Amino acid sequence: MHRVKIVLFTLLGLGAAALVAQQPSVSAPVQQPGANQTTPSVPAQTPGAPPGRVPPPAAYPHRAPADPAVVQRGRQIFSANCSFCHGSDARGGEGGPNLIRSELVMNDNNGELITTVVQNGRPDKGMPKFDLSTEEIASIAAFIHSAPVGGRAATTGTVDPLVGDAKAGEAYFNGAGKCATCHSVSGDLAGIGAKYTDIRALQGTMLSGEPMGQFSAVPWKTVTVTLRNGQTVEGKLYQIDDFIVSLIDADGNYHSYPRQGDYPKVVIKNPLQPHLDMLRTLKDDDIHNLTAYLVTLK
């Protein structure tokens, strides 16, 4: 009987030791004599985030507002070269991705990353290379970065665009800019400063030639189509791609012709082309000065 009791007590002791071994050990913090002890800060957890994970930073970087003149120039260069694929607002179009949410664009500052892609293209993705200078691409980058998205919306559009010299703008309009060869301050531009209360809209119209708002319609591109038999048809360009060209003639009739090789011959005239060509030589000071001058045309 005595031996049975010894065996039972031994088994109970081993069971208790096993239970103690299964409990996690907690080490008491080591106190340094005379040192002020502080509790380390623990990052707040995002609801639903795995324990111990720190939330990532904001998705969209904050940037200081760019010069409105540079943004407007970039918008026009983008419109002429990139909008067909990426959309007029850079948020995606005919086969081109949304550039506003592109990781490469978000990591870009002044066009240094975008330049590599634009000048070399991405043949594997169907994107050709473009013969644009680094300055032109920097303007495109300023335009894309100006898009009010995410946390950047509050920082956009706080730069005053009216910083030019009106007298210098008038001299450029009538001289080196050759604006007076197509426009008249007493004709098509009469009172333009009063029509456009939004100076940025006025500046955009000046650069692109495309009216903004309800003042007038965007001028149509015109096209001359020459058929195999020599017959020519002229009118407002309605649509053109690799397979078809269509137009509306002076009587309002719709014409459509399939394109095969070099026929029919197609010649397009864009009334806004001088504005697009001007963007390659126009300086920021010229844009500021012209804007300041046009504002005075009440």
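Throughout what follows, the structure given in this document is the object of discussion.

Definitions and cut-offs
- Residues numbered from 1 in each chain as written.
- Predicted model: local features only at pLDDT ≥ 70, side-chain atom pairs only at ≥ 80, totals over all residues.
- Heavy atoms only, no water.
- Helix = DSSP H or I, 4+ residues; strand = E, 2+ residues; numbered from the N terminus.
- Buried < 20%, exposed > 50% of the residue type's maximum accessible area, 1.4 Å probe, protein only.
- Contact = heavy atoms within 4.5 Å.
- Areas by Shrake-Rupley, 256 points an atom, 1.4 Å probe, with all protein chains shown as cover.
- Axes fitted to C-alpha atoms, helices over the stretch in contact; angles between N-to-C directions.
- Parallel < 35°, antiparallel > 145°, perpendicular 65-115°, else oblique.
- Left-handed = near helix turned anticlockwise from the far one by under 90°.
- Pairing = 2+ DSSP bridges.
- Patch = residues over 30% accessible without salt bridge, like charges linked within 9 Å, V, L, I, M, F, W, Y side chains within 5 Å.
- Salt bridge = Lys/Arg side-chain N within 4 Å of Asp/Glu carboxyl O.

As for the overall build of the protein
- Across its full length, the protein carries 11 helices and 5 strands.
- With 298 residues in all, the protein has 31% of them scored as buried.
- Sequence separation of 24 or more characterises 55% of the internal contacts of the protein that already satisfy a separation of 6 or more.
- About 19300 Å² of surface is accessible on the protein, with carbon and sulfur atoms providing 57% of the total.

Regarding the packing of helix α2 (residues 68-81) against helix α9 (residues 199-208)
- It is the contact of α2 with α9, at a shortest axis distance of 10 Å, that shows an interaxial angle of 45 degrees. One element, α2, and the other, α9, form an angle in the oblique class. For the pair α2 and α9, the crossing hand works out as right-handed. Here Pro68, Ala69, Gln72, Arg73, Arg75 and Gln76 of α2 come into contact with α9, specifically with Arg200, Gln203, Gly204, Leu207 and Ser208.

Quick notes on the environment of Pro264
- By the secondary structure assignment, Pro264 is in the loop between β4 (254-258) and β5 (265-269).
- When the C-alpha atoms of Pro264 and Ile244 are compared, they prove to be 9.7 Å apart, with 20 residues separating the residues in sequence.
- When sequence neighbours within four positions are dropped, the list of residues in contact with Pro264 reads Val225, Thr226, Leu227, Val245, Tyr257, Pro258 and Arg259.

What about the sheet that holds strand β1 (residues 222-226)?
- Spatial strand order, β4-β3-β2-β1-β5: 5 strands in an open sheet with antiparallel pairing. Edge strands, defined here as strands with exactly one partner in the open sheet, are β4 and β5. Sheet twist, expressed as the mean angle between neighbouring strand axes with direction ignored, is 40 degrees.
- Pairing analysis gives 4 bridges linking strand β2 (residues 232-240) to strand β3 (residues 244-248), with the strands arranged antiparallel. Within the sheet, the bridge partner assigned to Gln239 lies in β3 and is Ser246.

Topic: a nonpolar patch on the surface
- Together, Trp220, Tyr238 and Tyr254 give the surface a local cluster of nonpolar side chains, amounting to about 380 Å² of exposed area.
- In this fold, Trp220 is placed in the loop between α9 and β1.

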